[in-house]
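Coordinates in review
Here is how the chains run, residue by residue.
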Amino acid sequence: MLIKIFGIIDIIAGIVLFFNSYIDSRAVFLFFGVVLLSKALIGMFQDFASWIDLGCGVAFFFMAFFSIPIWIAAIGGILLLQKGVISFL
């Protein structure tokens, strides 16, 4: 059950990251940054999924205060979406 909740979080975060240019809320970016960094710490960086969470969490923190290239956000969004879908299989 917990894996499905984490999968839903990944899917929502992936959509937000992919469409970050349409969202102008620092609070949303900080929220997802904290959630993804927390998930990365739960995984203790033992697998590739934890590293994806870490990288996307850092990207969310950067988006809250700076702008990042669109291609970085798109790649992170796609990775999170894939990870979220795979958690349901």
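Now for a description of the structure that goes with this document. (Residues numbered from 1 in each chain as written. Predicted model: local features only at pLDDT ≥ 70, side-chain atom pairs only at ≥ 80, totals over all residues. Heavy atoms only, no water.)

1. Describing the side chain of Ser50
Spelled out, the test is: Runs of E in the DSSP output that reach at least two residues are strands. Runs of H or I that reach at least four are helices, and both are numbered from the N terminus. By definition in these notes, contact holds between two residues if any of their heavy atoms fall within 4.5 Å.
With respect to the element layout, Ser50 can be found in helix H3 (residues 48–65). What Ser50 contacts, discounting residues up to four positions off in sequence, is Ala40, Gly43, Met44 and Phe45.

2. Here's the deal with the packing of aromatic side chains
The line we're drawing: Between the rings of Phe, Tyr and Trp (Trp by its six-membered ring), a pair exists once the centres lie within 6.5 Å; its type follows the angle of the planes, with under 30 degrees stacked, over 60 edge-to-face, and the other angles tilted.
Counted under the stated rule, the structure contains six aromatic pairs. Each ring, one from Phe29 and one from Phe60, has its centre 6.2 Å from the other, and the planes form 40°; the classification is tilted. Of the two residues, Phe29 is situated in helix H2 (residues 26–43) and Phe60 in helix H3; the sequence distance between them amounts to 31 residues. Members of the aromatic cluster, connected to one another through ring pairs, are Phe29, Phe31, Phe32 and Phe60.

3. A short note on the pattern of salt bridges
Our working definition: Put simply, a salt bridge is a Lys or Arg side-chain nitrogen that is within 4 Å of an Asp or Glu carboxyl oxygen. Only protein chains enter the accessibility calculation, which uses a 1.4 Å probe; a residue is then buried when its area is under 20% of its type maximum, exposed when over 50%, and partly exposed in between.
Here the structure, examined in full by the defined rule, presents four salt bridges. Residue Asp10 is joined to Lys39 by a salt bridge in which the shortest nitrogen-to-oxygen separation is 2.4 Å. Taken together, the residues span a long stretch of sequence, with Asp10 in helix H1 (residues 2–18) and Lys39 in helix H2 at a distance of 29 residues. Neither residue differs from the other here; Asp10 and Lys39 are each classed as buried. A salt bridge links Asp10 to Lys83; the shortest N-O distance between them is 2.9 Å. Residue Asp10 is located in helix H1, and its partner Lys83 is located in helix H4 (residues 70–86); the two are separated by 73 residues in the primary sequence. In terms of burial, Asp10 and Lys83 fall into one category: buried. Beyond isolated ion pairs, a larger network of salt bridges with shared partners links Asp10, Lys39, Asp53 and Lys83.

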